[in-house]
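Chain by chain, the residues run as shown.
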Amino acid sequence: MRFLFLILFIVSCNMKNDFSEIDERANKILSSLSLEDKIGQMTQINLTVIAKGPNKWSSSFPMEIDPKKARKALVDFKVGSVLNTINNTAQKPETWFNTISDIQELAMNDTESKIPVIYGIDAIHGTTYTDGATMFPQQITTAASWNPENAYNMALVSAYETRASGIPWNFSPVLDLGIDPRFSRQFETFGEDPLLVERFGVEMIKGYQGLNNDVSNKYSVAACMKHFVGYHATISGKDRTPAYIPDNVLKEFHIEPFKKAIEAGAKSIMINSGLINGVPAHASYDLMINTLRNELGFEGVILTDWEDIRKLHDRDKVAESQKEAVKMAINAGIDMSMVPYEYEQFVNDLLNLVREGEVSESRIDDAVLRILKLKLELGLFENPVTNYKDFDDFGSKKHHQLAYKAASESITLLKNDDKILPITGKPKLLVVGPNGNNMRTLNGAWSYSWQGDLTDRFAGEYNTIYEAISNVYGKSNVKYVSGVSYKENGAYYEMVEDDIDLALNEAKKSDYIILCLGESTYTEKPGDLNDLNLHKLQLKLAKKMAQSGKPVILILNLGRPRLISDIESLMSSVVNVYLPGNFGGDALADILSGKVNPSGKLPYTYPLYPNSLLPYYYKPSEVQNNAQGAYNYIGEVNNLYNFGFGLSYSDFKYGDLRLDKDTYNIDDTIKVSISVSNTSDIDGFETVQLYSSDLYASITPDVKRLREFSKININARESVLVEFYLPVSELAFANAQNVFVVEPGKFKISISNLSKEISVL
Ligand code: BGC
């Protein structure tokens, strides 16, 4: 014990020394910089701006730095940060190494300040823009595993493979609350529940930055949480449109996961591209200074999202000129602007604003000090680019296995009539549908390309659903026909009918139909949606398949829960694979055959109707009955599948819910125990979910809130006692004065269909 204490003491002294040494070095560098140097440090440009090619927006292949353009940006304008790839296309690790080496050579040899550039990238479910990188399931899929270790593994591998690409800064994790099934980026989140977002988000920070947050380690990257805050809570459900969020809702639901990630040491943050209550987040002193800096104590770098300073003028009309927009954003707390094209204008505007006294030099110093510290912490001065040759595990089997594990723990069985799954033996299978035979839709966007459109070019060696099923059941037993498919049309994909009658003929000749429906790939504005229903051609195909009289297993491969209410009753089984990544096909095939027992649970509410889109934590008035109970207007009972729902091949039975007391004080911890039995002959994983309900409160309480969860393995015919320790303080909500409180009174603690009431004094 004494020994352990001593070690801890030494470690903490060292960390202290390191941090103060970094402070000292950063201050020293800062004091040697000219105003021009400093403003350059606050500027981030897109790689295309300095790459060879016809213009700022597109580059030529192979990816190479254009010495003239790069000199102008990095030396003349002293730009301190670069992001992205060229033409949204993945590059080989070696190409990354050469490109970033060229950039650092200019920045460190040809400028007076000799400050390395910090390169940033979106590696959000694996290292998006590197050829050969390991693609994990997307965040929404990972959340469905209800095992935060999968988020940790994904971040650990992504950090490693991002550094193997010479890049030290990752614009991830997404800590937005995925509250709206219409939103084009719900798949980038950990779903609708703040506790899930928080638990998985913190694991991502640990995976990216290492357990002691020492990002000078060449296997770690600096995380960039995004998009602060309330980005997904728009009224229209469309990307970058207005949100109206009361302060206490913002605090309790949206800010909490960021708060926990900040406590975990996250090094940087990106601001929400939209507006809240009419105020663009990028112009909000209240969000960035009052909340982020003063209340949450965030010390890291605050980065804009894409072109968002410009948009204060161009789009949001709160600034009368570009220059005014720069003044607003920097004075509101932005440290670095992802310009990313018209950098000359940004630099000149900011220079003039400082000279005119509209932005103080101390604000500039404050921003630049944070940027310099980040560069120092990352060890960029000593090691400006990591070399792919030092990363033997890039794209390794070991990494692939972790991605497979995450997919196999996430896939969620939503319906299984007559226990039709698993399908054993070697029956004749027809794989049909637009999502059945490509790697693109398994991965979704941010996969070797921004919109995911290039995935099949880069991920050909992995198995599509059809290929994986053929591997398991034998090629001669499995046939694929598309029926309908996605056809590329410029920037979009349209749904086209191939041959539905042919599909029906084949269906009649098969024993089972594996119907793979869902979505094409998309993110951001291209993913905006006007109809939550699954495309009508897909519904037509589903109905035709059902006409065959053969059992239809519906595989959902989608980034958000598209409505399937018209066809669900025709399906024998429904399996949601979400966006499971490169090993999703294999994981699915193993689940269909029974090699893997499914254990995923929904991280969102699966809606039944387009006008009933509520998370599970709605207010009681959403379900209103008259005295006779005749009207049930809306609410949980109208969901197709509830949040937290997912079947297993095992059967679980809950019993004997116990609490250590029935009355608690505010600083007590509630000890909860429950017995969970596997009453089947198959070993399986079950996720035990503990919810609380505040029965009466000063503002209307939510019907229930997830407070704890634990995913456990229970062997066949065995029981396990599960214990939770829930501090009473966790029952708090943000009240009308925007203060977290636990109000004395009655609460209900529930697990599965069992519950107990308690009093809090
Ligand atoms: C997205 C961000 C992303 C950035 C850089 C923006 O359009 O909203 O999530 O990090 O682009 O690629």
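Residues numbered from 1 in each chain as written. Predicted model: local features only at pLDDT ≥ 70, side-chain atom pairs only at ≥ 80, totals over all residues. Heavy atoms only, no water.

**Points about the packing of helix 11 (residues 322-332) against helix 12 (residues 343-355)**
- At a minimum axis separation of 9 Å, helix 11 and helix 12 run at an interaxial angle of 70°. With respect to their mutual orientation, helix 11 and helix 12 come out roughly perpendicular. The way helix 11 lies across helix 12 gives a crossing that is right-handed. Listed contacts from helix 12 to Q322, K323, V326, K327 and I330 of helix 11 are Q345, F346, D349, L350, N352 and L353.
- Of the residues contributing to the contact of helix 11 with helix 12, the split by class is five nonpolar, three polar and three charged. (Axes fitted to C-alpha atoms, helices over the stretch in contact; angles between N-to-C directions. Helix = DSSP H or I, 4+ residues; strand = E, 2+ residues; numbered from the N terminus. Parallel < 35°, antiparallel > 145°, perpendicular 65-115°, else oblique. Left-handed = near helix turned anticlockwise from the far one by under 90°. Contact = heavy atoms within 4.5 Å. Nonpolar A, V, L, I, M, F, W, Y, C, P; charged D, E, K, R; others polar.)

**Some thoughts on the site of the ligand**
- Around the ligand, a shell composed of L83, D122, F171, R185, K226, H227, R240, M270, D305, W306, M338 and E524 is seen.
- Between an oxygen atom of the ligand and a side-chain N or O atom of K226, the distance comes to 3.0 Å.
- Across the complex, the protein chains shield 95% of the 310 Å² of accessible surface that the ligand would expose by itself.
- Grouping the amino acids of the shell around the ligand by side-chain chemistry returns five nonpolar, one polar and six charged. (Near = heavy atom within 4 Å. Polar contact = N/O pair within 3.5 Å; in protein donor to acceptor, adjacent residues only side chain to side chain. Areas by Shrake-Rupley, 256 points an atom, 1.4 Å probe, with all protein chains shown as cover.)

**Section: the packing of helix 7 (residues 194-209) against helix 8 (residues 247-263)**
- Closest axis-to-axis distance for the helix 7/helix 8 pair is 8 Å, and the angle between their directions is 25°. Comparing their axes, helix 8 and helix 7 come out roughly parallel. Viewed along their axes, helix 7 and helix 8 form a crossing whose handedness is right-handed. Residue-level contacts link P194, V197, E198, V202 and I205 of helix 7 to F253, P257, K260 and A261 of helix 8.
- Tallied by class, the residues present in the contact of helix 7 with helix 8 amount to seven nonpolar, no polar and two charged.

**Description of helix 17 (residues 465-473)**
- Turning to helix 17, its buried residues number three or more, namely I465, A468, I469, S470 and Y473.
- Contacts made by the buried residues of helix 17 are with strand 12 (429-432), helix 15 (440-443), strand 13 (478-481), strand 16 (512-518), strand 17 (552-557) and helix 20 (584-593). (Buried < 20%, exposed > 50% of the residue type's maximum accessible area, 1.4 Å probe, protein only.)

**Quick notes on the sheet that holds strand 5 (residues 222-228)**
- Overall, parallel pairing links the eight strands, which are arranged 9-6-5-4-3-2-1-10 in an open sheet. Sheet topology places strand 9 (301-303) and strand 10 (337-338) at the edges, where each strand pairs with a single neighbour.
- Bridging between strand 2 (residues 81-83) and strand 3 (residues 118-121) involves three bridges; their strand directions are parallel. Bridge assignment links L83 to a residue of strand 3, and that residue is G120. (Pairing = 2+ DSSP bridges.)

The analysis is restricted to geometry; functional conclusions fall outside its scope.
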